[in-house]
Amino acid sequence: MSAENCPCGSGKKYDDCCRPLHQSERLPETAEALMRSRYSAYVLQKIDYIVETTVPAQQHLLNRADLAAWSRETRWLGLEVLRHIPKIGKHHAQVEFCARFAEGGEVCEHHELSAFVQADGRWYFIDPTVPLPTMKQPCICGSGKKFKACCGGLLG
Ligand SMILES: [Zn+2]
Ligand SMILES: [Zn+2]
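As named in an unreviewed UniProt entry, the protein chain is UPF0225 protein PJU73_09460, taken from Neisseria lisongii. According to the UniProt record, the Sequence similarities (unreviewed entry) comment for the protein chain reads "Belongs to the UPF0225 family."

## Concerning the overall build of the protein chain
Along its length, the protein chain carries four helices and four strands. Starting at the N terminus and walking to the C terminus, you meet the elements of the protein chain as α-α-α-α-β-β-β-β. Here the protein chain has a C-alpha radius of gyration of 15 Å; the compact-globule value for 156 residues is 15 Å, and the two agree. Along the first, second and third principal axes, the C-alpha set of the protein chain runs to 45 × 35 × 25 Å. Counting only contacts in the protein chain whose residues sit at least 6 apart along the sequence, the fraction spanning at least 24 positions is 44%.

## Some remarks on the UniProt feature "domain: YchJ-like middle NTF2-like" (unreviewed entry) in the protein chain
UniProt's entry tags residues 30-127 with the feature "domain: YchJ-like middle NTF2-like" (unreviewed entry), counted in the numbering of this structure. Overall, residues 30-127 shows 30% helix and 46% strand. The separation of its end C-alpha atoms is 17 Å.

## Considering the sheet that holds strand β4 (residues 122-126)
As a general point, the strands of a sheet are linked pairwise by backbone hydrogen bonds and lie either parallel or antiparallel. Taken together, the four strands give an open sheet; going across it, the order is β1-β2-β3-β4, and neighbouring strands pair in antiparallel fashion. Since the sheet does not close on itself, it has two edges, and those belong to β1 (75-88) and β4, each with one partner. Within the sheet, the average angular offset between the axes of one strand and its neighbour, ignoring direction, is 25°. As defined by bridge partners, strand β2 (residues 92-103) adjoins strand β3 (residues 106-119) across twelve bridges and the pair is classed as antiparallel.

## Quick word on the nonpolar core
With 35 residues, the main nonpolar core has A31, Y39, F116, V117, I126, C141 and C151 as its most contacted residues. Those elements that place two or more of their residues in this core are α2 (31-43), α3 (47-52), β2, β3 and β4. No other element matches α2, which puts eight residues into this core. Not counting residues within four places of it along the chain, the set of residues in contact with Y39 comprises C8, L79 and A99.

## Here's the deal with α2
The terminal C-alpha atoms of α2, which comprises 13 residues, lie 19 Å apart, in line with the 18 Å expected from a rise of 1.5 Å per residue. The element α2 is extensively covered by neighbouring structure, given that 13 of its 13 residues are classed as buried. Immediately downstream of α2, the backbone of Q45 shows phi near 55°, a positive value.

## Concerning the pairing of β4
By the bridge criterion, five bridges tie β3 to β4 in an arrangement that is antiparallel. Of the residues in β4, the one forming a bridge with A119 is R122. Joining the antiparallel neighbours β3 and β4 is a turn of two residues, in which D120 adopts a positive phi near 50°.

## What about the environment of K146?
Positionally, K146 belongs in the segment after β4. Judged by local crowding, K146 falls into the partly exposed class, with 16 C-beta atoms found within 10 Å. Separated by 13 residues in the primary sequence, K146 and P133 place their C-alpha atoms 9.4 Å from one another. Excluding its chain neighbours within four sequence positions, the residues that come into contact with K146 are M135, K136, Q137, P138 and C139.

## Focus on the environment of Y42
Note on placement: Y42 falls in helix α2. Distance in space between the C-alpha atoms of Y42 and E52 is 13 Å, their sequence separation being ten residues. If near-sequence neighbours (up to four positions away) are discounted, Y42 is found in contact with I50, S71 and W76.

Rules used throughout
- Residues numbered from 1 in each chain as written.
- Chains lettered and ligands numbered in written order.
- Predicted model: local features only at pLDDT ≥ 70, side-chain atom pairs only at ≥ 80, totals over all residues.
- UniProt positions renumbered as here; feature names shortened; annotations may be inferred.
- Helix = DSSP H or I, 4+ residues; strand = E, 2+ residues; numbered from the N terminus.
- Rg over C-alpha atoms; globule rule 2.2 N^0.38 Å.
- Contact = placed C-beta atoms within 7 Å.
- Pairing = 2+ DSSP bridges.
- Axes fitted to C-alpha atoms, helices over the stretch in contact; angles between N-to-C directions.
- Core = buried A, V, L, I, M, F, W, Y, C linked by C-beta atoms within 7 Å.
- Buried ≥ 20, exposed ≤ 12 C-beta atoms within 10 Å, placed from the backbone.
- Expected span 1.5 Å × (residues − 1).

The structure is reproduced here in structure tokens:
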């Protein structure tokens, strides 16, 4: 599908959009690019990419089999990025998006304000659905700050 339009809906070809990210040829430069490439990774069932782009401390909490089954059984209908806040403090960003998919013959919309953190020069997704530290524990991103004063502050 290399010459096809990218599933992330950017309007670019997959080759010029998410493919180089999926193949680790380059890193996403913004949280929005990371968010888009994670959506297209779900569409293309690239579960390794989903895992690798989650904050390293959370990766072992992800259920690969569930992610694979979900990405395979879902009919993805499209992504719309509604808002990108590229810089919150020094190392954070947020992306608000709406993903549409069909499940059991019904069209569903998943609307989310996702949080991202930059660690070692790389953007990572912060997964709010896995067990998180308490607000006083050290942050998952390795900043050395308390969770509350760092990534936890972005999760509502
Ligand atoms: Zn793309
Ligand atoms: Zn943090």
